[in-house]
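Chain by chain, the residues:
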Amino acid sequence: RNRQLWQMANYGTLGPPTWGTIEAPWQHREKMWDPKLQKEVFVRRGFADTQYLRAHSSWWARDEPTYIQQAGLRAPPVHINDNAADWAVQRLGV
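Nothing here was measured: the structure is a model prediction, and the numbers come from that model.

Which parts of the structure should I look at to understand the overall build of the chain?
Of the regular secondary structure elements, the chain holds 3 helices and 2 strands. If you list the helices and strands of the chain from N to C, you get α-β-β-α-α. Out of the 94 residues in the chain, the part that is buried amounts to 14%. Contacts in the chain between residues far apart in sequence, at least 24 positions, make up 31% of those at least 6 positions apart. A total of about 8,600 Å² of accessible surface is found on the chain, and carbon and sulfur atoms cover 56% of it.

As structure tokens, this is what we get:
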């Protein structure tokens, strides 16, 4: 039953991912009661292993903020009077 629930999960409204998946094969969902939320929740057991596989994969896109920061990349600083806004043309269609 847990395997069926796990297989029904998807990544948003696009349906099955077209970019592939990388997950630990022993990862599974486990239903448990959360006393703070006062309802049943699902815990992804083995997700830390999935994160490890993704971090060390040669093909998985590491576009999460953590990996971007570890690579020493960052967006350029934002300036309050940035002239890039002048390049956008606002048009109103009636």
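Help me understand the pairing of strand β2 (residues 39-45), please; the structure alone is not making it clear to me.
A regular strand carries its side chains on alternate faces of the sheet. As defined by bridge partners, strand β1 (residues 28-34) adjoins β2 across 7 bridges and the pair is classed as antiparallel. Looking at β2, one finds that arginine 29 is bridged to arginine 44.

Is there a simple way to explain the packing of aromatic side chains in this structure?
Pairs of aromatic rings are described using the distance from one ring centre to the other and the angle between the two planes. Taken as a whole and assessed by the stated rule, the structure comprises 1 aromatic pair. Stacked on the ring of phenylalanine 42, the Lys or Arg arginine 29 has its end atom at 3.9 Å from the ring centre.

Honestly, the pattern of salt bridges in this entry has me stumped. Any pointers?
Pairs can form between side chains of opposite charge once their charged atoms are near each other. Under the counting rule described, the total for this entry stands at 3 salt bridges. Between arginine 45 and glutamate 30 there is a salt bridge whose closest N-O contact spans 3.3 Å. A residue pair is termed long-range when its members are at least 10 positions apart, and arginine 45 in strand β2 and glutamate 30 in strand β1 qualify at 15 residues. On the basis of relative accessible area, arginine 45 is assigned to the partly exposed category, the value being 36%. Taking relative accessible area as the criterion, glutamate 30 reaches 30% and is therefore assigned partly exposed. In this structure, the salt-bridge partner of glutamate 40 is lysine 31, at a minimum N-O distance of 3.9 Å. Judged by its relative accessible area of 47%, lysine 31 falls in the partly exposed class.

Help me understand the side chain of threonine 50, please; the structure alone is not making it clear to me.
In this fold, threonine 50 is placed in helix α2 (residues 47-55). For threonine 50, the side chain forms a polar contact with the main-chain nitrogen of alanine 24, separated by 2.9 Å. The contacts of threonine 50, once residues within four sequence positions are left out, are Ile22, Glu23, Ala24 and Gln27.

Can you help me understand unusual backbone geometry in this one?
Trans is the prevailing form of peptide bonds, just as negative phi is the prevailing case for residues other than glycine. A positive phi angle, near 60 degrees, is found at glutamine 38, a position not held by glycine. Tracing the sequence through the fold places glutamine 38 in the loop between β1 and β2.

Would you mind showing me how to read the side chain of glutamine 27 here?
Looking at the element boundaries, glutamine 27 is found in the loop between α1 (2-8) and β1. Residue glutamine 27 is classed as buried on the basis of its relative accessible area, which comes to 1%.

The rules we used
Residues numbered from 1 in each chain as written. Predicted model: local features only at pLDDT ≥ 70, side-chain atom pairs only at ≥ 80, totals over all residues. Heavy atoms only, no water. Helix = DSSP H or I, 4+ residues; strand = E, 2+ residues; numbered from the N terminus. Buried < 20%, exposed > 50% of the residue type's maximum accessible area, 1.4 Å probe, protein only. Contact = heavy atoms within 4.5 Å. Areas by Shrake-Rupley, 256 points an atom, 1.4 Å probe, with all protein chains shown as cover. Pairing = 2+ DSSP bridges. Phe/Tyr/Trp six-rings, centres within 6.5 Å; stacked < 30°, edge-to-face > 60°. Lys NZ or Arg CZ within 6 Å of the ring centre and 35° of its normal. Salt bridge = Lys/Arg side-chain N within 4 Å of Asp/Glu carboxyl O. Polar contact = N/O pair within 3.5 Å; in protein donor to acceptor, adjacent residues only side chain to side chain.

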